[in-house]
Amino acid sequence: MQQMSTRPTRRRIGRPRQAAGVAARELLLDAAVTLFAEQGVAGTTVAEIAVKAGVTPAMVHYYFTSRDALVDAIAEERLVPTITAVWAPVVESHDVVPMLRGLVHRIFDAAKANPWLPSLWLREIVSEGGQLRARVLKMLPFEYVEHLIGAVATAQRRGEIDPQLEPRLTLVSIIGNTLLPLAANPVWQQVPILRNITRDDIARHSEALLVSAFSKRSRRRDT
């Protein structure tokens with residue numbers, strides 16, 4: 001009976017194994033998005049991304065042919081899928097309050113799972129000159145935002161919501177009451193009276209503000 005060889009199979013020199021390649025690419029994206037949130041896209045070098053990912057700078061260029069390609073990948077594979085997952089469920093309802101509650105919960109869940117989200121949003125999308133702004137805006141799922149705007153406008157026509165509210169600014173109100181205070185939380189922690197504010201406090205406060213603002217108006221009885 002012929003004896004089987006016990007010598008290990010030699011690995012071919014050249015392209016990395018597929019599984020290892022996928023893992024390395026994901027590590028690079030994770031490192032890049034974290035550094036972009038901490039110090040901005042413009043303030044982050046390819047060398048810094050490589051060090052944080054534990055690879056050589058050549059590996060960054062291997063997986064991403066240019067710096068712009070890496071930034072594009074952050075927008076397409078990290079930000080837009082996260083935003084879509086947060087917003088897509090709004091179409092399951094036409095009632096404004098459940099929509100808002102769900103949005104607030106999903107935004108805070110997304111920020112917990114992706115700690116880079118609030119700071120990156122503030123640095124690179126809201127701030128003037130942010131390098132992710134144009135990339136993300138052209139891919140945002142605005143049909144979900146339009147659904148919420150339509151629900152707010154319909155509730156106003158039924159006399160259920162304050163007519164002074166601008167439906168088109170609902171998105172701004174949501175972002176301003178969720179991602180903004182989360183991004184600014186390190187600042188609050190330096191103010192003695194605000195030092196003990198937690199993420200749960202911010203989430204509870206944000207939900208209460210939005211729900212109360214967009215809830216059905218209570219009719220006053222004539223006295």
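For the structure itself, consult the block above.
Every value quoted in this text rests on a predicted model; they were computed, and no experiment measured them.

Description of the overall build of the chain
Tallying secondary structure elements over the chain gives 12 helices and zero strands in all. Listing every helix and strand of the chain by position from the N terminus yields α-α-α-α-α-α-α-α-α-α-α-α. In the chain, which comprises 223 residues, the proportion classed as buried is 39%. Residue pairs at least 24 apart in sequence account for 68% of intrachain contacts in the chain once pairs closer than 6 positions are excluded. When the accessible surface of the chain is summed, it comes to about 14,100 Å², and 55% of that surface belongs to carbon and sulfur atoms.

Observations regarding the nonpolar core
Looking at soluble globular proteins, one finds that nonpolar side chains tend to be buried together. With 60 residues, the main nonpolar core has Leu79, Trp87 and Leu132 as its most contacted residues. If sequence neighbours within four positions are ignored, leucine 79 has contacts with Ile74, Trp116, Leu117, Leu120, Ile125, Leu132 and Val136.

Quick look at the pattern of salt bridges
Side chains that differ in sign of charge can pair as their charged atoms come close. Enumeration over the complete set of coordinates arrives at 10 salt bridges. Between glutamate 26 and arginine 78 there is a salt bridge whose closest N-O contact spans 3.0 Å. Taken together, the positions of glutamate 26 in helix H1 (residues 18-39) and arginine 78 in helix H4 (residues 67-87) put the pair 52 residues apart, joining distant regions of the chain. Here glutamate 26 falls in the partly exposed class, since its relative accessible area comes to 31%. The shortest N-O distance in the salt bridge between arginine 78 and aspartate 30 comes to 2.8 Å. Within this pair, whereas arginine 78 is found in helix H4, its partner aspartate 30 is found in helix H1, the two being separated by 48 residues in sequence. For aspartate 30, a relative accessible area of 37% translates into the label partly exposed.

About the cut-offs
Residues numbered from 1 in each chain as written. Predicted model: local features only at pLDDT ≥ 70, side-chain atom pairs only at ≥ 80, totals over all residues. Heavy atoms only, no water. Helix = DSSP H or I, 4+ residues; strand = E, 2+ residues; numbered from the N terminus. Buried < 20%, exposed > 50% of the residue type's maximum accessible area, 1.4 Å probe, protein only. Contact = heavy atoms within 4.5 Å. Areas by Shrake-Rupley, 256 points an atom, 1.4 Å probe, with all protein chains shown as cover. Core = buried A, V, L, I, M, F, W, Y, C linked by side-chain atoms within 4.5 Å. Salt bridge = Lys/Arg side-chain N within 4 Å of Asp/Glu carboxyl O.

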